[in-house]
Structures are given as C-alpha cells and as structure tokens.
Amino acid sequence: MAAPQIILHHYAFSPYAEKVRLALGLKGLDWGSVEVAMMPPRPLLDPLAGGYRRIPVLQVGADIYCDTHAILPALERLAPEPSLYPTLGPALTEGLTYGLERDLWLAVIGITVHFAGDLPEAFLRDRKDDYLYVDISHAAMEPDFARNAQRVAAWTAWLTQALSDGRRFLGGERAGAADLAHYHLLWLMRGGERAGAVDRLLGLQPIRGWIERVAGIGHGRPQGMSAQAALEAARNAEPAPVEAVNTVPDLVAAAPGDAVTVTPDDFARVPVEGRLVAVDAGGIVIRRDDPQAGALHLHFPRAGFVVTKV
C-alpha cells in the first residue's frame, strides 16, 4: 500500500504556514496543497481538525497535526534526511524556537501593522474577538510601536551577531528549523513593499544574504488539491498505531480512552474534543470519530496546550 500523501492546509499569507512550506522545501518533498480561508468558516477542514482554528494543519492520511511544533517533528519522522535539526537536535531547537515565537509574536504584528496600515475590517474583528483577543488595528497598535520595535530590534541584533562569523545558516553550513523559525517572523514583517523600511528599522542589511538563502530553500513540490479530496483521503485511511499511554499522570489527569478536550493556552482557545490516545513529555494524541472523515488521530505538542478530562 502506498504511503499516505502529505497534505498541508494553509493560506498564502500565514507566516506559520510559510515556516512549514520551507520545511517541506528543505526536505524536498511532494505535498498536496489545500488552500483555506484566512478565517472561519472552513467547513471541510473542521471535520478533520475538530474546530481547531489555527493554520497551518498538516494531514498524513488520517493523522492530523496541529501547530508547527507538532508538524515539524512529524516531518522529521516521515523524512529524516536532510534533517530539520542538523546541529542542536530537535529538543533544544523546538524548545528555543517555541519561546522565541511566543515572546515576539504580538510585537512582530505591531511592526507589520505599522508599515502595512489597516487590514480588512472583518479580519481585524475576527482576530480581536476569536483569535488573538487583541485589537491589531493600526490605531490600536501604533501607541506601542516604539516598544515593539525595541523588542524586535534587540532580537534581530542577536540574530545578526550569531551570523556575523560568516556561517551560511544558524547551525553552520546546513539550514534547519532554527533558521525557519527566525525567518518566518521576518517574512511577515518584510512582506509586500515593506522590506526596505523594515530592514532599515531593524538593521537587517548585514543579514540580507542569510534572508535570501533561507528564502531560496523554496517550498518543495506542492500540487494543488481540493479540500474535498483531502477529506476523502482521511476517510479512506486509518490512523497510524500509537501506544496508549499517559507518562505524565501528575500533570494530565486523564487516562487513555477518557473523553478530553485539548485547548491552546494563549490564542484561538477553541477546545477540540476527543478521546485521549496518548500523552507524554512531548506530545498529545486524541482520537476523533467524525461522520464525514471517519476515525482520526489529532496530534498536538505539549507546550502551549491544555488537556482537560471531560
């Protein structure tokens, strides 16, 4: 039987999707590209992801991976070479980049909005009411621009210093997940016609070569795919076997088979319901049985998610 196809549910302007697209490019993979709306409703993704509303979502048959810190390790298991973790290894890389992204996310949005101006009203309302829980309109973000700029510029100064010895990528000669996690934040701020102004503000000229090298990784070999075809691919597959275990019972008070919800602890706090399959130091797996998609395993990282017994 042929291996299930890798499918990415994403939209063009999602920086976290860009991080995964570059990971697919680094590994030189073929993948199905399902374009979704920037905000709900997403009627053919919801049966797969159980209402989880962050983008991107990676699908491999009937296994659904939510959050880039579950997606990149999954890609590493599926296609070990070339590695996404060539120098520091997965644990240290994922831990450090998780902290980086969470700390800088709203400040990066602030800089983006400063140069881009107002975004569509419906998008702003969605992000304020149901996603970020923060008003990211130009008027609301502008009073904090100096603080946001200082915060991000301090980070880019570290980045510039790290690359100042002439290395091609953060880990040396080979690109990896650390490069992608730094780059996709810059990619958002520098999009469109903003690159020159953002580069001057943050002093990015010395690392323009690195920016171009990471961008040059590309996105692998995407092939357009309909959301309906992705749904059918899940329905025609079975989730990969997972050992039923809870290795952290003092932290997650649920046993395999219990009805639970899994909920992000910062943004887009939509609980996803299912039955616990496994939870360990690094990840969470729940099973959902959906009338449209069939039996599914949904995979989440431990960091940033809360498991609650129903």
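Refer to the structure printed above.
These remarks concern the structure in this document. (Residues numbered from 1 in each chain as written. Predicted model: local features only at pLDDT ≥ 70, side-chain atom pairs only at ≥ 80, totals over all residues. Heavy atoms only, no water.)

Tallying secondary structure elements over the chain gives eleven helices and eleven strands in all. Taking 2.2 N^0.38 as the reference for a compact globule, 310 residues should give roughly 19 Å; the C-alpha atoms of the chain span a radius of gyration of 19 Å, in line with that estimate. In terms of its C-alpha atoms, the chain occupies a principal-axis envelope of roughly 55 × 45 × 45 Å. Buried positions account for 53% of the 310 residues belonging to the chain. Relative to all contacts within the chain whose residues are 6 or more apart in sequence, the contacts with residues 24 or more apart total 69%. About 13900 Å² of surface is accessible on the chain, with carbon and sulfur atoms providing 55% of the total. Between the mean site of the 29 positive side-chain charges and the mean site of the 36 negative ones, the chain shows a separation of 2 Å. (Helix = DSSP H or I, 4+ residues; strand = E, 2+ residues; numbered from the N terminus. Rg over C-alpha atoms; globule rule 2.2 N^0.38 Å. Buried < 20%, exposed > 50% of the residue type's maximum accessible area, 1.4 Å probe, protein only. Contact = heavy atoms within 4.5 Å. Areas by Shrake-Rupley, 256 points an atom, 1.4 Å probe, with all protein chains shown as cover. Lys, Arg positive; Asp, Glu negative; His and termini not counted. Charge placed at Lys NZ, Arg CZ, Asp CG, Glu CD.)

Before going further, it helps to spend a moment on the side chain of His10. Examined against the element boundaries, His10 turns out to sit in strand 1 (residues 6-10). Among the polar contacts listed, one links the side chain of His10 to the side chain of Arg21, at a separation of 3.0 Å. Once residues lying within four places of it in the same chain are set aside, the contact partners of His10 are Ala17, Arg21, Trp31, Ser33, Val34, Glu35, Val36, Ile55 and Pro56. (Polar contact = N/O pair within 3.5 Å; in protein donor to acceptor, adjacent residues only side chain to side chain.)

You can see Phe13 is positioned in the loop between strand 1 and helix 1 (15-26). Given a relative accessible area of 60%, Phe13 falls into the exposed group. In the structure, Phe13 is positioned 175 residues away from Leu188 in sequence and 7.9 Å away in space, judged by C-alpha atoms.

Next up on the list: the environment of Ile286. Looking at the element boundaries, Ile286 is found in strand 9 (residues 283-290). The buried category is assigned to Ile286, whose relative accessible area is 0%. Spatially, the C-alpha atoms of Ile286 and Ile136 are 33 Å apart, while their sequence positions differ by 150 residues.

The next subject is helix 4 (residues 90-116). The principal kink in helix 4, of about 50°, is found at Trp105. At the exit of helix 4 stands Gly117, carrying a positive phi of roughly 80°. (Bend = angle between axes of the 7 residues up to and from the residue.)

As judged from the four bridges shared by strand 1 and strand 2 (residues 30-35), these two strands associate in the parallel manner. Looking across to strand 2, one finds that His9 is bridged to Val34. Regarding topology, helix 1 serves as the crossover connection from strand 1 to the parallel strand 2, and that connection is right-handed. (Pairing = 2+ DSSP bridges. Right-handed = clockwise from strand over helix to strand, strands pointing away.)

Okay, the packing of aromatic side chains next. Going through the model one piece at a time under the given rule, you end up with five aromatic pairs. Summarising the aromatic geometry, the rings of Tyr16 and Trp105 are spaced 5.0 Å apart at their centres and angled 70° between planes, so their arrangement reads as edge-to-face. Placement of Tyr16 in helix 1 and of Trp105 in helix 4 is noted, with a sequence separation of 89 residues between them. Here Tyr16 falls in the buried class, since its relative accessible area comes to 18%. The buried category is assigned to Trp105, whose relative accessible area is 12%. Site record: aromatic cluster; members linked through ring pairs are Tyr52, Phe300 and Phe305. (Phe/Tyr/Trp six-rings, centres within 6.5 Å; stacked < 30°, edge-to-face > 60°.)

Time to look at the pairing of strand 1. The buried fraction of strand 1 is high, at five of five residues. Here strand 1 shows a buried face lined by Ile6, Leu8 and His10 and a second buried face lined by Ile7 and His9. Alignment of strand 1 against strand 3 (residues 57-60), held across four bridges, turns out to be antiparallel. From the neighbouring strand, Ile6 faces strand 3, where its bridge partner is Val60.

Within this structure, the stated rule accounts for 21 salt bridges. The partner of Asp266 in a salt bridge is Arg54, with the nearest N and O atoms 2.3 Å apart. Of the two residues, Asp266 sits in the loop between strand 7 (259-264) and strand 8 (272-279) while Arg54 sits in the loop between helix 2 (46-49) and strand 3, which places them 212 residues apart along the sequence. Overall, the relative accessible area of 17% leaves Asp266 in the buried class. Its relative accessible area of 11% is what places Arg54 among the buried residues. Across the salt bridge formed by Lys309 and Asp258, the nearest N and O atoms sit 3.7 Å from each other. Of the two residues, Lys309 is situated in strand 11 (residues 305-309) and Asp258 in the loop between strand 6 (245-246) and strand 7; the sequence distance between them amounts to 51 residues. Each of Arg54, Asp67, Arg102, Asp265 and Asp266 takes part in a single network of salt bridges with overlapping partners. (Salt bridge = Lys/Arg side-chain N within 4 Å of Asp/Glu carboxyl O.)

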